[in-house]
Structure formats: C-alpha cells, structure tokens
Amino acid sequence: MTTIPVTKISSSECSRPVPVIAMGTATESSIAGIEVVKPSILIEAVKLGYRHFDTAAIYQTEKPVGEAVAEALRLGLIKSRSEVFITTKLWCNSADRHLVLPALKQSLKNLGLEYVDLYLIHWPFKANQEKSELPIPNECIAAIDIKAVWEGMEECQNLGLTKSIGVSNFSAKRIEQILSFAKIPPAVNQVEMNPLWQQKKLNRFCKENGIVVTAYSPLGATGNNAWGHNRVMECDILQGIAESKGKTVAQISLRWLYEQGVIIAVKSFNTERMKQNLDIFDWSLTEEELNKIDQIPQRRHLYLFGFINTEHNDLNLGLEYVDLYLIHWPFKANQEKFELPIPNECIAAIDIKAVWEGMEECQNLGLTKSIGVSNFSAKRIEQILSFAKIPPAVNQVEMNPLWQQKKLNRFCKENGIVVTAYSPLGATGNSAWGHNRVMECDILQGIAKSKGKTVAQISLRWLYEQGVIIAVKSFNTERMKQNLDIFDWSLTEEELNKIDQIPQRRHVYLIGSMNTEHNDVLTEIDAELD
Ligand SMILES: NC(=O)c1ccc[n+]([C@@H]2O[C@H](COP(=O)([O-])OP(=O)(O)OC[C@H]3O[C@@H](n4cnc5c(N)ncnc54)[C@H](OP(=O)(O)O)[C@@H]3O)[C@@H](O)[C@H]2O)c1
C-alpha cells in the first residue's frame, strides 16, 4: 500500500494535513444519474492507499463515498473517520446565503458523516433551480452574491460541519474579492490544471495568499465525452518524456503536478490505473524535462459554455474579459431569444452611434481589450469614425480569392483597421452559408497542383499575403494542421496575378440567410456590401 504524502491547508484547527492525491469521483453517467458509482470501487482505492476522496453534490457520488468510508471502517482498512479526507462542493442551485448550510447538511446526510474536511463553492455563479439539471437553462443562470455566500460558508466551518472551506473554478480576481471581506480566507481553489493548462499565474497568486490549488482533470479527463479530451495523453512532449523514463504519460502529468506543489484530484475506477497513478513519488523530473513541459502550448479546456449551459449567457465564457468584441451585423433584431431566420417584423435599423457608445463602455470597463465590427461596409465604418472616441480595431467580413474585398481592405488599412477574413475556404461543406466555388476553382486548383499544396492552403496563404487575420474553422486534426502549414512558402508574382483574375462573387447575403422575405433594412446592407 502506498502512503500518499500530505500537504497542509488552513482549517478550523490551524493547519491540517491533506493527502496530495484525491480520488476523483465525477463521471458523466453519475452526474446524469444513469449509473451509480459502486462503493466497492472506492474500497479498492482505500486498499491501495487513497485517503482523500473528491465528491460534489452534483456528482451524485456522496452516498457511495460515505458507504465506502463506513465499509472501510468495518473492514478495519482505516481505524477512524479522521484517517480519510473528504472534499465536497456546494452546487450552484444552493449558491444563496440561506441555502448554503442546508446544502451542506444534505451532503453530510448523503455521506452519512458528521463533518467533511473541505467544502468548496463549485462555480462562481448561481443557478435559480430547485433541482440541479444540466445543461442549466439560460434563464436560471445569475451572478453570485459572493459576500453573502461566503458568509454561509464561514458559518458551516464555525459550526464544525466542515474543517476547511474553499472555492473551485475561481479566478484570482474573484478570490481577491473574497479576501477583501473574509473572516476565514479560502483554504483551497480547485481548478482545471495539467501540463496543457499549467495555471502558472493562478498557482503563484494562490501560493502568495496561502491558498492551495487542487488540480482537477490532471489527465485532461481523457475518455470522458462531456468535459474531457485526449490532448494530455496524446501530447508529443509528454509521450517523449514518458518513453525515455519508462513511465506512462499519466504518471508524467501527475508527477509534474506534484512538483508544482498542488493537490491532485485524479479519477480512475480501474485497479491497475489507480495503482499506477500513485506510483509517482520515488522518482522525479529532470530540469531538462521540466523545461520541455514549460514549452507545451497552453490551452484551457473546460468552459461553462457548452457543458453547463448551451445558450448564450453573459457568464458563458467563464472569462473576465474577451480580447475582441464585434458588432456582428449592422442591423438590429427585436427578439428576446435568438432565432434564425429572423422574422421580418423584428428587423430594424441599428442606431450605430448609441450602440458604438455601448461598445466603448465595454472596452472602458476592461471587459474587452478591443472593439470592432463585422459585415460593415466602408460607408458604415466612416460613420462610426465620425463620432467614435475609440475607433474600431477590426472589421470581420467574408473574404477569399473569389471575393477579394480589395477596396474594403484598402479602406480599412488606410484607417488603421485590420480586416478579418471569414469563410476563407468558402465555408465549403456548410449548407447554411457555404459553397464549393473556392475549393473547386480551376485557377486555385492549378496553383495547388503545381506547388504540391491543397486548394485550402493556397487560399489561406493568399489571404495571409493580403495582411489580414484569417478565421478558418476545422474540427479535423489533419486539416487543422494543414491550415497552419502556410508560413514557410509563398505565392509567386505570376500566381498572385492569376488569382487577381478570378471572377469576383460575394456569397453571404442577409436576404436568404437571416431572413427570407423582402426587407428594406437588409436589402440596403446587402447592396452596400457588394
Ligand atoms: N471542481 C470542478 O469543477 C471539477 C471539474 C472536473 C473534475 N473535478 C474533480 O476532479 C476529478 C478528476 O478529474 P477528471 O475526472 O475530470 O479527469 P482525470 O482524472 O484527468 O481523468 C479521468 C479519466 O482518465 C482515465 N485514467 C485515469 N488514470 C489513467 C491512467 N493512468 N492512464 C490512462 N487513463 C487514465 C480514467 O479512466 P478509468 O477510470 O477507466 O481509469 C478517466 O476516464 C473528478 O473526478 C472530480 O472529482 C472537479
């Protein structure tokens, strides 16, 4: 049996030891209520040395965790309740001052315990729902009153129902807010963390404030469709290190996390993998290996939007700011819910001066770093420039070799605006607004063939040479790679001349895609964009 090292977190009894590896218990089927996690699997974990269990009200695994603890006591695998460390979490539908204590009492009832070791606020938002349900309907999502909820958390600790309190999925900014009024500061922040999303800044901030980070999805939640990916397990750099050390990629990732001084919540219900995940304490990563891991391109994976909620919501991105915020089209839809096509009677002209003021407010508040427009003609941009305090940074428009936007691109350049090209491949294969004319264009096919490139690459390279940003979509790994392979070669003068000769034809029209009837507002915009 492995003895898992401990770290210390702040608690009602000064600092308490916490085993640095927790057994995760979240599974897609347990959250969906389809399958109940068997306590026997968790007993296996106890036998192997796991002493820290990570559960949450939403996982529906509190009951089996509690049963496993009771059974472990009965079997003599542990001598007292105090030998195990139990973390559970307050779900968003109880993120209200008066609901915090009842929610923890319910969790304790589920667990059959008198106290938990750590109670976390699961996410920094509130769901106005009686029953938890995923995805959460848009109209139920609201901002959290963090001061009031934190008071509720402190009450739980003061009553001895939890030894420590903390948060999960909280940014440094939100933690700073808590620290400004907390009588008991958070002991832990549980966040997504692995070599592909290293959380260096957040981890540093937490350390400086005496908060311990717990890394969830340390293996990228591989094999889990709802919130997982294989990018950690398939990462070349990690695979290379694993191979040279005779370890698995999982072990390299877990060891790296251990060396970052965090607690790790890793889930496996397979005895061999449970063992493997504990076998990380008697070897270490070299300086060179750590440097290699530092170079891994960073990408966060778990977003609220898509998993917790599928519609637009101000809290969707789970971010504090976006980098660029655009007015999507230069008209207004008098609709509460998005719906396409937009009924004719809902379409109205935009009051661009007033809307632009709103956009400027967003930038001034720091909620977006830049603002811009999309599908705007030169004439409409000139209008904005006549009153703007902050000029638009970007105009995102349809652009590809079949709709080259020479005039608009020149106008934008003269005014310090960068064009972003959308549908750079003609949105091929997309029946709603796509066509195959770019991919089937003779001239592009000829150039592609003679250069040993694909038509997509010729189109993207041509756009790159026009000095624009390109928004290209592919969810296919090979094509994603191909679309980035355009920077170490160029088009010749002759090839550029040939592309210049391609007959021009715009494709995305408002009439037809946004609305199917005649509409003066849309017709005017369509005419301007020609
Ligand atoms: N606070 C939050 O918002 C939050 C969000 C996500 C997760 N969490 C917590 O963190 C825990 C762990 O994160 P996670 O479940 O998202 O992801 P994870 O631990 O990174 O990955 C779990 C997946 O990896 C597989 N696996 C485990 N060990 C392996 C190994 N050595 N080799 C290959 N595959 C392996 C498991 O399959 P097998 O079971 O078949 O081995 C499972 O499918 C969760 O269970 C939950 O308790 C918290």
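Heads up: the structure comes first, above all this text.
Residues numbered from 1 in each chain as written. Predicted model: local features only at pLDDT ≥ 70, side-chain atom pairs only at ≥ 80, totals over all residues. Heavy atoms only, no water.

**Regarding the pairing of strand 11 (residues 212-216)**
Move 1: Within strand 11, five of the five residues are buried, which leaves the element mostly enclosed by the surrounding structure.
Move 2: Inspection of the sheet shows strand 10 (residues 188-192) paired to strand 11 by five bridges, in the parallel sense. Note that in strand 11 the partner of valine 191 across the bridge is alanine 215.
Move 3: This β-α-β element, strand 10 to helix 7 (residues 200-208) to strand 11, shows right-handed connectivity.
Move 4: Inspection of the sheet shows strand 11 paired to strand 12 (residues 263-266) by two bridges, in the parallel sense. Within strand 12, the residue paired with alanine 215 across the bridge is isoleucine 264. (Buried < 20%, exposed > 50% of the residue type's maximum accessible area, 1.4 Å probe, protein only. Helix = DSSP H or I, 4+ residues; strand = E, 2+ residues; numbered from the N terminus. Pairing = 2+ DSSP bridges. Right-handed = clockwise from strand over helix to strand, strands pointing away.)

**Here's the deal with the nonpolar core**
Move 1: With 75 residues, the main nonpolar core has Tyr50 and Ile121 as its most contacted residues.
Move 2: Ignoring any residue separated from it by four or fewer positions in sequence, one finds isoleucine 121 in contact with Leu90, Ile144, Ile146, Val149, Trp150, Met153, Gly166, Val167, Ser168 and Phe170. (Core = buried A, V, L, I, M, F, W, Y, C linked by side-chain atoms within 4.5 Å. Contact = heavy atoms within 4.5 Å.)

**Some details on the pattern of salt bridges**
Move 1: Within this structure, the stated rule accounts for 19 salt bridges.
Move 2: Residues glutamate 259 and arginine 255 are paired through a salt bridge, measuring 2.6 Å at the closest nitrogen-oxygen approach. Placement of both glutamate 259 and arginine 255 in helix 9 (residues 249-259) is noted, with a separation of four residues, approximately one turn of the helix.
Move 3: Between lysine 481 and glutamate 478 there is a salt bridge, with its nearest N and O atoms 3.5 Å apart. Of the two residues, lysine 481 and glutamate 478 are both situated in helix 18 (residues 477-484); the distance of three residues between them amounts to about one turn of the helix. Here the two residues lysine 481 and glutamate 478 agree in accessibility, since each one is exposed.
Move 4: Several salt bridges share partner residues, and in doing so they unite Glu13, Arg16, Arg81, Asp117 and Lys163 into one network. (Salt bridge = Lys/Arg side-chain N within 4 Å of Asp/Glu carboxyl O.)

**Structural notes on the side chain of serine 11**
Move 1: The residue serine 11 is located in strand 1 (residues 6-11) in this model.
Move 2: Using a relative accessible area of 13% as the deciding quantity, one classes serine 11 as buried.

**Description of the packing of helix 13 (residues 352-364) against helix 14 (residues 378-387)**
Move 1: The interhelical angle for the contact between helix 13 and helix 14, taken along N-to-C directions, is 65°, at an axis separation of 10 Å. Crossing of helix 13 against helix 14: the hand is right-handed. Contacts between helix 13 and helix 14 involve Ile352, Lys353 and Trp356 from the first element and Gln383, Ile384 and Phe387 from the second.
Move 2: Partitioned by chemical class, the residues of the contact of helix 13 with helix 14 number four nonpolar, one polar and one charged. (Axes fitted to C-alpha atoms, helices over the stretch in contact; angles between N-to-C directions. Left-handed = near helix turned anticlockwise from the far one by under 90°. Nonpolar A, V, L, I, M, F, W, Y, C, P; charged D, E, K, R; others polar.)

**Overview of the sheet that holds strand 6 (residues 116-121)**
Move 1: Sheet architecture is closed into a barrel: eight strands sit in the order 3-4-5-6-9-10-11-12, paired in parallel fashion. Strand after strand, the sheet turns through a mean of 30° between neighbouring axes, direction not considered.
Move 2: By the bridge criterion, two bridges tie strand 9 (residues 162-168) to strand 10 in an arrangement that is parallel. Across the sheet, residue valine 167 finds its bridge partner in strand 10, namely asparagine 189.
Move 3: Sheet contacts for helix 4 (residues 97-111): strand 5 (85-90), strand 6 and strand 9; angle to strand 6, the most-contacted strand, approximately 135°.

**Brief notes about the side chain of arginine 81**
Move 1: The topology assignment puts arginine 81 in the loop between helix 3 (62-74) and strand 5.
Move 2: From its side chain, arginine 81 meets the backbone oxygen of tyrosine 115 in a polar contact 2.7 Å long.
Move 3: Ignoring any residue separated from it by four or fewer positions in sequence, one finds arginine 81 in contact with Leu73, Ile86, Leu113, Tyr115, Val116 and Asp117. (Polar contact = N/O pair within 3.5 Å; in protein donor to acceptor, adjacent residues only side chain to side chain.)

**So, the packing of helix 3 against helix 4**
Move 1: Between helix 3 and helix 4, whose axes approach to 7 Å, the crossing angle comes to 50°. Between helix 3 and helix 4, the angle is such that the two are oblique. Along the contact surface, helix 3 presents Glu62, Lys63, Val65 and Gly66, while helix 4 presents Ser107, Asn110 and Leu111.
Move 2: In terms of residue class, the contact of helix 3 with helix 4 is made up of two nonpolar, three polar and two charged. (Parallel < 35°, antiparallel > 145°, perpendicular 65-115°, else oblique.)

**Here we look at the site of the ligand**
Move 1: Around the ligand, 30 residues are found, and the nearest of them are Asp54, Leu219, Ser268, Arg273 and Gln276.
Move 2: Between the ligand and the protein, one listed contact pairs an oxygen atom with a side-chain N or O atom of lysine 267 at 2.8 Å.
Move 3: When the ligand sits alone it has 900 Å² of accessible area, and the protein chains cover 89% of it.
Move 4: When contributions to the shell around the ligand are tallied by element, the ones reaching two or more residues are strand 12 and helix 10 (271-278). (Near = heavy atom within 4 Å. Areas by Shrake-Rupley, 256 points an atom, 1.4 Å probe, with all protein chains shown as cover.)

Taken by themselves, the reported measurements are silent on function.
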